[in-house]
Amino acid sequence: MVNKKYWIIIFLTLAVNVVMLQWTIESFYGEEYVHVWLYTAIGTTSSLVCFLTFWQWRKQEYRK
C-alpha cells in the first residue's frame with residue numbers, strides 16, 4: 001500500500017508539471033509575463049516534489 005501512495009504522488013505531480021508547462025508556453029506567447037513566472041514556479045516545485053517522492057520510493061523499495 002505504501003508503494004501505491006508514492007506512485008500516486010509521482011503521477012499527480014507529473015500531471016501538474018505537464019499542465020504548468022502548457023500554461024507557461026501559452027502565457028509566454030500571450031505576453032502575460034506575470035503568469036509565466038507563476039506557472040514556472042509551480043512547475044518547478046512540482047518537479048522537486050516528484051523527484052523527492054521518487055527518491056523516498058526508491059529507498060523504501062530497495063531497503064528490503
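## Considering the UniProt feature "transmembrane region" (unreviewed entry) in the protein
Then, in step 1: Following the UniProt record, one finds the feature "transmembrane region" (unreviewed entry) at residues 7–25 and 37–55.
Then, in step 2: Secondary structure content for residues 7–25 is 100% helix and 0% strand, and the end C-alpha separation is 27 Å.

## Side note on the environment of G43
Then, in step 1: For G43, the location among the structural elements is in helix α2 (residues 33–61).
Then, in step 2: Given the relative accessible area of 7%, G43 is considered buried.
Then, in step 3: In sequence terms G43 and F28 are 15 residues apart; their C-alpha atoms lie 15 Å from each other.
Then, in step 4: In this view, G43 contacts N17 and M20; residues no more than four positions away in its chain are not counted.

## Quick notes on the environment of T13
Then, in step 1: Mapped onto the fold, T13 is located in helix α1 (residues 2–29).
Then, in step 2: On the accessibility criterion, T13 (11% relative accessible area) is buried.
Then, in step 3: With 35 residues separating them along the chain, T13 and L48 place their C-alpha atoms 9.1 Å apart.
Then, in step 4: The contact partners of T13, leaving out residues within four places of it in the chain, are S46, V49 and C50.
Then, in step 5: A distance of 2.9 Å separates a polar atom in the side chain of T13 from the backbone oxygen of I10.

Analysis parameters
Residues numbered from 1 in each chain as written. Predicted model: local features only at pLDDT ≥ 70, side-chain atom pairs only at ≥ 80, totals over all residues. Heavy atoms only, no water. UniProt positions renumbered as here; feature names shortened; annotations may be inferred. Helix = DSSP H or I, 4+ residues; strand = E, 2+ residues; numbered from the N terminus. Buried < 20%, exposed > 50% of the residue type's maximum accessible area, 1.4 Å probe, protein only. Contact = heavy atoms within 4.5 Å. Polar contact = N/O pair within 3.5 Å; in protein donor to acceptor, adjacent residues only side chain to side chain.

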